[in-house]
Structure formats: structure tokens, C-alpha cells
Amino acid sequence: QVQLVESGGGLVQAGGSLRLSCAASGSVWSMYSMGWYRQAPGKQRELVAVKTSGGRTDYSDYVMGRFTITRDNAKNVVVLQMSSLSPEDTAVYYCYGQILSIDYWGQGTQVTVSS
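Cut-offs and rules
Residues numbered from 1 in each chain as written. Predicted model: local features only at pLDDT ≥ 70, side-chain atom pairs only at ≥ 80, totals over all residues. Heavy atoms only, no water. Core = buried A, V, L, I, M, F, W, Y, C linked by side-chain atoms within 4.5 Å. Buried < 20%, exposed > 50% of the residue type's maximum accessible area, 1.4 Å probe, protein only. Helix = DSSP H or I, 4+ residues; strand = E, 2+ residues; numbered from the N terminus. Contact = heavy atoms within 4.5 Å. Pairing = 2+ DSSP bridges. Salt bridge = Lys/Arg side-chain N within 4 Å of Asp/Glu carboxyl O. Phe/Tyr/Trp six-rings, centres within 6.5 Å; stacked < 30°, edge-to-face > 60°.

Draft legend 1. Structural detail: the nonpolar core. Counting 26 residues, the largest nonpolar core has M34, W36, V48, F67, L80, M82 and Y93 as the members making the most contacts within it. Contributions of two or more residues to this core are made by β3 (18-25), β4 (33-39), β5 (46-52), β7 (67-72), β8 (77-82), β9 (91-99) and β11 (109-114). The residues touching V48, leaving out its near neighbours within four places in the chain, are W36, Y37, R38, D58, Y59, S60, V63, F67, L80 and Y93.

Below, the structure written as C-alpha cells:
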């Protein structure tokens, strides 16, 4: 079975940077889509960024220009480099993957940005 494991969350000051990483295990083929969603308390889960194995990338307008998503298709790893963080970026960040038309989610990693 496919499992997604995130790492890299933590506490950072406003204006700082964090690097999130997610590794998918149990997949014979590269994930078609991998990326990140986030959910803040009292809010619905929202897209951060996703990237297909073919290289197509989709960023949320809220993070475009500050976050960068990269993938290693062979290793089924996706990385989210976050910079210029603000308190409104505080949320649980969930790794997302899709293969064979099935969605998978990581357990989430907390990102907290202090002012």
C-alpha cells in the first residue's frame, strides 16, 4: 500500500523559511501527482502546490512567488521550499499523492509562524 510521510515542519519567525519533504513508499510507479495542501484551525483544507510527474505545476495564488515545489519522480519525493513566511501560513501541511486515480494523504506536519 502507498504511504506518504512528511517531515520538516516546525516553528519559524515571520519572514523565515522552512523546507518540507514528503516521501511516498509502496508505489510501483511514480505518483501521477504529488504536492501539498494545508488546513488552518477553523478553515477548510486548501491547495498549496501540486506537481505532476510530467512537470506541470499548480500553485495557489496565496503562495505563488514565495513557495517552490520540486519533485524527484524516481524516488517519489516532493519538496516544498517555503520562504517569506507569515503568521497566516500557520497550518497543518498535508502531503498529497495520486496514483491510479486514488488519492493519498500524509498524516500532516505542523507549521507555525510567529510574528
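Draft legend 2. Focus on the pairing of β9. Burial of β9 is extensive: seven of the nine residues sit out of reach of the surface. Sheet analysis places β4 next to β9, joined by seven bridges and oriented antiparallel. Looking at the pairing, R38 lines up with Y93 of β9. Where β9 and β11 come together, three bridges link them in antiparallel fashion. Residue pairing in the sheet places Y93 in a bridge with T109 of β11. Inspection of the sheet shows β9 paired to strand β10 (residues 102-105) by four bridges, in the antiparallel sense. Counted as the bridge partner of Q98 is D103 from β10. With antiparallel pairing between neighbouring strands as the criterion, β9 and β10 make up a hairpin whose turn holds two residues, including L100 at a positive phi of roughly 55°.

Draft legend 3. Looking closely at the pattern of salt bridges. In the structure shown here, the tally under the stated rule is three salt bridges. Residue D89 is joined to R38 by a salt bridge in which the shortest nitrogen-to-oxygen separation is 2.9 Å. Highlighted residues: D89 in the loop between β8 and β9 and R38 in strand β4, separated in sequence by 51 residues. Here the two residues D89 and R38 agree in accessibility, since each one is buried.

Draft legend 4. Spotlight on the packing of aromatic side chains. Counted under the stated rule, the structure contains three aromatic pairs. Geometrically, the ring pair formed by Y37 and Y96 is edge-to-face, given 5.5 Å between the ring centres and 70° between the ring planes. Of this pair, Y37 sits in strand β4 while Y96 sits in strand β9, placing them 59 residues apart in sequence. Residue classification places Y37 among the partly exposed residues on the basis of a relative accessible area of 21%. Assessed through its relative accessible area of 8%, Y96 is described here as buried.

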